[in-house]
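Listed below are the residues making up each chain.
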Amino acid sequence: MKAYVVGNAALDETLAVDDFPRPGASIFGASLSRDLGGKGLNQAVAMARTGLPCVFVAAVGQDARGREIADRLAREPLTTRLTQLTGVATDASTILMAAAGENAVITTREAASALSPGQAVGGLAGSAPGDLLVLQGNLSAGTTGALLREARGRGMTTAMNPSPLQPYFAPLWPLVDMAFVNEGEAEALGGTGHLLEQGVQSVVLTLGAAGAALITAKGQTRVAAVPCTVRDTTGAGDCFMATALASAALRGVALDATALTHATRAAAHTVARPGTVAAFPTEAEFADILGKAEQRS
Ligand code: ATP
């Protein structure tokens, strides 16, 4: 079983600030990290480091950022299918980390939104029934819909993280098997029950420091977060989703409490360290996380 993650690839620049700037203000910041980022890339790298075979499909521009992303991804245990687009800038994120621990993220989506349905669907080459398609909210409406329809046609299982929230998600839920949402997204989408009514089989609600819940037609299972000192929460949700999906896939089961337990452990590693992908568990740490949590559950 293989996972195909289709989404955005970006470079993240994280700046520490005392507080978020008001309109018109000029403030000082300190450079915290420059790292691989983008929700699609984050999920693909975390998933690959668990040991689940993973293909990452994304668009970049023909520029220095695009080359840096390709070089850095070549060091990950991942099959990378990057479409190089002309006349388009590779995506980037600026992350402001305020002293109080909150962050604000500004992301460009020029390259991600320019990935055409044909280019994206071409990235699923080699997939087999039962393989996993993983999506987020950075692609265009046409490309996201085309991928979900193609995956259904190929007998793949689909997972969606509707972030950033887009109005075009509404008619797509019947094509989604597993949804990962935080509290704000769940509320904006009309509640987790509304997603189940539209055909989603499993909804995972992430609750930050309060952990996560798995919601299916059979009921709800809560899993506590792993207590840790918070350094930088960027990418925690992506690492959580990738780990939960990989944990279930590697054991050949549907999402379960063990998958969420594994995910909370991986996410705790991520929030306790600065950076995005650099803060994710390494392959050795993932082996430990998946093994140890399994023995306890
Ligand atoms: P982000 O957008 O920052 O990546 P998100 O909003 O998608 O995150 P969250 O619910 O904030 O998702 O966090 C995902 C998971 O990360 C949580 O379910 C939890 O396991 C872990 N996590 C987040 N914050 C903390 C924390 N303060 N302490 C321990 N674990 C945390």
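Residues numbered from 1 in each chain as written. Predicted model: local features only at pLDDT ≥ 70, side-chain atom pairs only at ≥ 80, totals over all residues. Heavy atoms only, no water.

Focus: the site of the ligand
Inference 1: Taken together, 17 residues are adjacent to the ligand, and Asn-182, Thr-206, Gly-208, Gly-211 and Gly-237 come closest.
Inference 2: Between the ligand and Gly-211, the relevant distance is 2.9 Å, taken from an oxygen atom to a main-chain nitrogen or oxygen of the residue.
Inference 3: Within the backbone of Thr-233, a nitrogen or oxygen atom sits 3.4 Å from an oxygen atom of the ligand.
Inference 4: Across the complex, the protein chains shield 80% of the 630 Å² of accessible surface that the ligand would expose by itself.
Inference 5: When contributions to the shell around the ligand are tallied by element, the ones reaching two or more residues are helix H8 (236–251) and helix H9 (257–271).
Inference 6: Tallying contributions element by element places H8 first for the shell around the ligand, with three residues.
Inference 7: The class makeup of the residues in the shell around the ligand is nine nonpolar, eight polar and no charged. (Near = heavy atom within 4 Å. Polar contact = N/O pair within 3.5 Å; in protein donor to acceptor, adjacent residues only side chain to side chain. Areas by Shrake-Rupley, 256 points an atom, 1.4 Å probe, with all protein chains shown as cover. Helix = DSSP H or I, 4+ residues; strand = E, 2+ residues; numbered from the N terminus. Nonpolar A, V, L, I, M, F, W, Y, C, P; charged D, E, K, R; others polar.)

Quick word on the packing of H8 against H9
Inference 1: One can describe the packing of H8 onto H9 by two numbers: an axis separation of 8 Å at closest approach and a directional angle of 145 degrees. For the crossing formed where H8 meets H9, the hand is right-handed. Residues Ala-236, Cys-239, Phe-240, Thr-243, Ala-244, Ser-247, Ala-248 and Arg-251 of H8 form the contact with H9, whose participating residues are Thr-258, Ala-259, Leu-260, His-262, Ala-263, Thr-264, Ala-266, Ala-267, Thr-270 and Val-271. (Axes fitted to C-alpha atoms, helices over the stretch in contact; angles between N-to-C directions. Left-handed = near helix turned anticlockwise from the far one by under 90°. Contact = heavy atoms within 4.5 Å.)

Thoughts on the packing of helix H1 (residues 39–50) against H8
Inference 1: Running from amino to carboxyl end, H1 crosses H8 at an angle of 40 degrees, the nearest separation of the two axes being 8 Å. Classified by the angle their axes make, H1 and H8 are oblique. Relative to H8, H1 is oriented so that their crossing is right-handed. Here Lys-39, Asn-42, Gln-43, Ala-46, Met-47 and Thr-50 of H1 come into contact with H8, specifically with Asp-238, Cys-239, Met-241, Ala-242, Leu-245, Ala-246 and Leu-250.
Inference 2: Tallied by class, residues from the contact of H1 with H8 come to eight nonpolar, three polar and two charged. (Parallel < 35°, antiparallel > 145°, perpendicular 65-115°, else oblique.)

Points about the UniProt feature "binding site: ATP" (unreviewed entry) in the protein
Inference 1: When the UniProt feature table is mapped onto this chain numbering, "binding site: ATP" (unreviewed entry) sits at Asn-182, Thr-206, Leu-207, Gly-208, Ala-209, Ala-210, Gly-211, Gly-237 and Asp-238.
Inference 2: Looking at where Asn-182 falls in the secondary structure, it is placed in strand E10 (residues 178–182).
Inference 3: Taking the relative accessible area as the measure of exposure, Asn-182 reaches 32% and is therefore partly exposed.
Inference 4: Tracing the chain through its elements places Leu-207 in the loop between strand E11 (202–206) and strand E12 (212–216). (UniProt positions renumbered as here; feature names shortened; annotations may be inferred. Buried < 20%, exposed > 50% of the residue type's maximum accessible area, 1.4 Å probe, protein only.)

Remarks on the sheet that holds strand E6 (residues 91–98)
Inference 1: Across the sheet, which stays open at both edges, the four strands sit in the order E3-E2-E6-E7 with mixed pairing between neighbours. For this open sheet the edge positions go to strand E3 (30–37) and strand E7 (103–107), each flanked by a neighbour on one side alone. Recorded for the sheet is a direction-independent mean angle of 20 degrees between the axes of neighbouring strands.
Inference 2: By the bridge criterion, eight bridges tie strand E2 (residues 10–17) to E6 in an arrangement that is parallel. Each residue of the ladder has a partner; that of Ala-10, found in E6, is Asp-91.
Inference 3: Most of the contacts of H1 go to E3, to which it runs at about 70 degrees, and overall it touches E2 and E3. (Pairing = 2+ DSSP bridges.)

Considering the side chain of Thr-264
Inference 1: By secondary structure assignment, the location of Thr-264 is in helix H9.
Inference 2: Those residues in contact with Thr-264, other than ones at most four positions away along the chain, are Val-223, Ala-224, Ala-225, Val-226 and Phe-240.

Structural notes on the pairing of E11
Sheet faces and side chains relate simply in a regular strand, where the side chains alternate between the two faces.
Inference 1: Burial of E11 is extensive: five of the five residues sit out of reach of the surface.
Inference 2: Alternating positions in E11 separate into two faces, Ser-202, Val-204 and Thr-206 on one and Val-203 and Leu-205 on the other, with burial throughout.
Inference 3: Here E10 runs beside E11; their pairing, made up of five bridges, is parallel. Each residue of the ladder has a partner; that of Met-178, found in E11, is Ser-202.
Inference 4: In this sheet, E12 lies alongside E11 in antiparallel orientation, the contact comprising five bridges. Note on E12: the bridge partner recorded for Leu-205 is Ala-213.
Inference 5: Counted along the chain from E11 to the antiparallel partner E12, the turn is five residues long, and its residue Gly-208 has a positive phi close to 55 degrees.

Digging into the environment of Gly-137
Inference 1: Its place among the elements puts Gly-137 in the loop between strand E8 (132–135) and helix H5 (141–153).
Inference 2: Setting aside residues up to four positions removed in sequence, Gly-137 forms contacts with Asn-161, Ser-163, Pro-164, Gln-166, Tyr-168 and Phe-169.

Some remarks on helix H2 (residues 64–73)
Inference 1: Taken together, the buried positions of H2 are Gly-66, Ile-69 and Leu-73. Projected down its long axis, H2 carries its buried residues within an arc of 60 degrees, all on one side. (Arc of directions from axis to C-beta.)

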